[in-house]
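Residues per chain, in single letters:
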Amino acid sequence: MEALISVIVPVYGAESYLEKCVRSIMNQTYENLEIILVDDKSPDNSGELCDKLAKEDDRIVVIHREQNGGISAARNSGIDVAKGEFIGFSDCDDYMHARNFEILHRLVVDNDVDIAVADYLEIEDEDNDHPDEEINYDAIKIERLKGVECMNYLITALNTKTILPWNKLYRRKVFETKEKFRFPDGVNGEDDFCIPHLLCAADEVIYTDVSLYYWRKRPTSYSRSFKLSRTSYLYVLEEREEFLADKISDELKHRFLVHYMEILWDFYYLTSIHYPEEKELYQGMRQKFIRKYEENKDFLKISRKKKLKWDVFRKALFISDIWYKIDQVKRKTIRKIKGIDNYYN
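Remember, predicted model here, so these are calculated numbers, not experimental data.

Considerations on the packing of aromatic side chains
Piece 1. Tallied over the full model, the rule gives 20 aromatic pairs.
Piece 2. Judged by centre distance (4.3 Å) and plane angle (10°), the rings of Trp 166 and Tyr 213 are stacked. Of the two residues, Trp 166 sits in the loop between helix H5 (147-162) and strand S8 (168-171) while Tyr 213 sits in strand S9 (residues 204-217), which places them 47 residues apart along the sequence.
Piece 3. Across from the ring centre of Phe 183, 5.1 Å away, lies the NZ or CZ of Arg 75, which sits over that ring.

Considerations on the pattern of salt bridges
Piece 1. Enumeration according to the criterion identifies 29 salt bridges in this entry.
Piece 2. Its salt-bridge partner being Asp 80, residue Arg 182 comes within 2.9 Å of it at the nearest N-O pair. With Arg 182 in the loop between S8 and helix H6 (190-201) and Asp 80 in helix H3 (residues 71-81), this residue pair connects regions lying 102 residues apart in the sequence.
Piece 3. Put simply, Glu 85, Asp 112, Asp 114, Arg 171, Lys 173 and Asp 203 are held in one network by salt bridges that share partners.

So, helix H1 (residues 15-26)
Piece 1. Compared with an ideal rise of 1.5 Å per residue, which puts 12 residues at 16 Å, H1 spans 17 Å between its outermost C-alpha atoms and is within 8% of the ideal.
Piece 2. Within the span of H1, buried status applies to Tyr 17, Leu 18, Cys 21, Val 22, Ser 24, Ile 25 and Met 26.
Piece 3. The secondary structure elements touched by the buried residues of H1 are strand S1 (5-11), strand S2 (33-39), helix H2 (46-56), strand S3 (60-64), strand S5 (95-96) and S9.

A look at the packing of H6 against helix H7 (residues 232-244)
Angle between the axes and distance between the axes are the two parameters that describe a pair of packed helices.
Piece 1. Direction vectors running N to C along H6 and H7 enclose 20°, while the axes themselves pass 8 Å from each other. As summarised for this structure, H6 and H7 are arranged roughly parallel, according to the angle between their axes. On H7, the residues that touch Asp 192, Phe 193, Pro 196, His 197 and Cys 200 of H6 are Tyr 233, Tyr 235, Val 236, Glu 239, Arg 240, Phe 243 and Leu 244.
Piece 2. Residues belonging to the contact of H6 with H7 are distributed by class as follows: eight nonpolar, one polar and three charged.

The rules behind these values
- Residues numbered from 1 in each chain as written.
- Predicted model: local features only at pLDDT ≥ 70, side-chain atom pairs only at ≥ 80, totals over all residues.
- Heavy atoms only, no water.
- Phe/Tyr/Trp six-rings, centres within 6.5 Å; stacked < 30°, edge-to-face > 60°.
- Helix = DSSP H or I, 4+ residues; strand = E, 2+ residues; numbered from the N terminus.
- Lys NZ or Arg CZ within 6 Å of the ring centre and 35° of its normal.
- Salt bridge = Lys/Arg side-chain N within 4 Å of Asp/Glu carboxyl O.
- Expected span 1.5 Å × (residues − 1).
- Buried < 20%, exposed > 50% of the residue type's maximum accessible area, 1.4 Å probe, protein only.
- Contact = heavy atoms within 4.5 Å.
- Axes fitted to C-alpha atoms, helices over the stretch in contact; angles between N-to-C directions.
- Parallel < 35°, antiparallel > 145°, perpendicular 65-115°, else oblique.
- Nonpolar A, V, L, I, M, F, W, Y, C, P; charged D, E, K, R; others polar.

See the structure below:
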């Protein structure tokens, strides 16, 4: 008999998309599934729809959380009750290729690895019937990597393919390390925290560029206003740096460092604009930026423009304020041209 795969779907505010998502899992060619729908106290009718779908398919398990805890808490609720030897995830507004779990499972088993990683397609919000491409399993190209090598190869070359939970299939054991690993509650950017831990817990990983998951590009998925809770993302980046300090290449360390400093710069301004009363918080961000720059100035290899921007932020804040305003105008113009809602502002 095929091994059981537990598929965990956090559900919140996706009534219009949920049925398409769940049916794409119900219709998988790999049939030995446990489909765990975690209703995270959704304010719409998503919870009732979960119950309705469960009546159609006895593979569906529904969890109704008593209070909203966020996507990490919902995923953890699913992991805690999952019975499968393998674990997969889906977001409630996306859907997947009919052979998604069949192919991911074969990749894990045939190659005796702990995690299989596939590509995904970004689809438009209204695309509810994206055709599945024919896939010849024997012709699939794969990359076989040690778990830690993934951090150096996949993240550097294919960052968005790596720092996501739902384009993968995991052996359960990567969640059951010495200290049971779970997604961190109450932080933003939890995937940047979790996926490095899971990849490093794997002995080996298989990557294929075959697209098996359809990620829906929803206009409403972009935040329309900056919230103070977003700053918890800084904690995620700091923890990731500490965890990976002795595991990754200098190239990846540099990439993560530059990203962290850009976020500090951005969050300093977003916090000072939207929460001017949080002076101690945003001034602390600038001090972190200055300290980080001084500690790594010989290691940093950045463009002249970026160096000038960062030097101005460190030494001439008034001029930096003007720079930020100009930068925001450029961002908004680009997003307007591309038809994307403004992010944060």
